[in-house]
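Coordinate analysis (summary)
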Amino acid sequence: MSSALKKGILIGLALYGLGAVLTVIVHLIFGWESPHAPPVSAIPVFFTLVIGAIRLFITANNVFMKNSATAKGELAIHAFVALLLVLLILWMKYQ
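Source: prediction; values computed, not measured. (Residues numbered from 1 in each chain as written. Predicted model: local features only at pLDDT ≥ 70, side-chain atom pairs only at ≥ 80, totals over all residues. Heavy atoms only, no water.)

Describing the overall build of the protein
Secondary structure summary: the protein contains 3 helices and 0 strands in total. Shown N-terminal to C-terminal, the secondary structure of the protein runs as helices and strands in the order α-α-α. Against the 2.2 N^0.38 benchmark of 12 Å for 95 residues, the protein shows a C-alpha radius of gyration of 16 Å, more extended than a compact globule. Viewed in the frame of its principal axes, the protein has a C-alpha envelope of about 50 × 30 × 20 Å. Residues counted as buried form 21% of the 95 residues belonging to the protein. Across the protein, every contact between residues at least 6 apart in sequence was considered, and the portion connecting residues at least 24 apart equals 56%. (Helix = DSSP H or I, 4+ residues; strand = E, 2+ residues; numbered from the N terminus. Rg over C-alpha atoms; globule rule 2.2 N^0.38 Å. Buried < 20%, exposed > 50% of the residue type's maximum accessible area, 1.4 Å probe, protein only. Contact = heavy atoms within 4.5 Å.)

Comments concerning the packing of helix α1 (residues 3-30) against helix α3 (residues 69-93)
Relative to each other, α1 and α3 sit at 40 degrees, their axes nearing to 6 Å. On the basis of the axis angle, α1 is oblique to α3. Helix-helix and strand crossings are classified by hand; for α1 and α3 the assignment is right-handed. Together, Ala 4, Leu 5, Lys 7, Gly 8, Ile 9, Ile 11, Gly 12, Leu 13, Leu 15 and Tyr 16 of α1 and Ala 69, Thr 70, Lys 72, Gly 73, Glu 74, Ile 77, His 78 and Val 81 of α3 make up the contact between the two elements. Partitioning the contact of α1 with α3 into residue classes produces 10 nonpolar, 5 polar and 3 charged. (Axes fitted to C-alpha atoms, helices over the stretch in contact; angles between N-to-C directions. Parallel < 35°, antiparallel > 145°, perpendicular 65-115°, else oblique. Left-handed = near helix turned anticlockwise from the far one by under 90°. Nonpolar A, V, L, I, M, F, W, Y, C, P; charged D, E, K, R; others polar.)

Quick notes on α3
With 25 residues, α3 should cover 36 Å at 1.5 Å per step; its first-to-last C-alpha distance of 37 Å lies within 8% of that length. Buried residues of α3: Ala 71, Gly 73, Glu 74, Ile 77 and His 78, and no others. Residues of α3 that are buried make contact with α1 and α2 (42-66). Capping the start of α3, Ser 68 holds a side-chain oxygen 3.4 Å from the backbone nitrogen of Thr 70, two or three residues further along. (Expected span 1.5 Å × (residues − 1). Polar contact = N/O pair within 3.5 Å; in protein donor to acceptor, adjacent residues only side chain to side chain.)

Let's talk about the packing of α1 against α2
Interaxial distance between α1 and α2 falls to 9 Å at its minimum, and their mutual angle equals 170 degrees. Between α1 and α2, the angle falls in the class roughly antiparallel. Of the two elements, α1 crosses α2, and the hand of that crossing is right-handed. Together, Ile 11, Leu 15, Tyr 16, Gly 19, Leu 22, Thr 23 and Val 26 of α1 and Pro 44, Val 45, Thr 48, Ile 51, Gly 52 and Arg 55 of α2 make up the contact between the two elements.

Comments concerning the pattern of salt bridges
Tallied over the full model, the rule gives 1 salt bridge. Put simply, Arg 55 and Glu 74 hold a salt bridge, and the shortest N to O gap is 2.8 Å. Within this pair, whereas Arg 55 is found in helix α2, its partner Glu 74 is found in helix α3, the two being separated by 19 residues in sequence. Judged by relative accessible area, which is 29%, Arg 55 ranks as partly exposed. (Salt bridge = Lys/Arg side-chain N within 4 Å of Asp/Glu carboxyl O.)

A word on the side chain of Thr 59
Mapping Thr 59 onto the fold places it in helix α2. Beyond its immediate sequence surroundings of up to four residues, Thr 59 is in contact with Ala 71, Glu 74, Leu 75 and His 78.

Written out as structure tokens, the structure is:
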């Protein structure tokens, strides 16, 4: 595995890892205040997904136009997170 590919994987993990940590911290601070509304901790999740989507478009452009190894590693993390999101939605559907 090349150094650039490892760097891309670390960038992707840092992006989603930071979002997960911020979500947990905000949820621990504010909790679930309203039973009929999303908690305050949904805000970091939303921003993480929006930033992740923007990074996905930039990364896909770099993979197809520049053939960047760093972008390929980051794209692998985006694909993994998308798979986890689909599995979470399916799990919630059948819960």
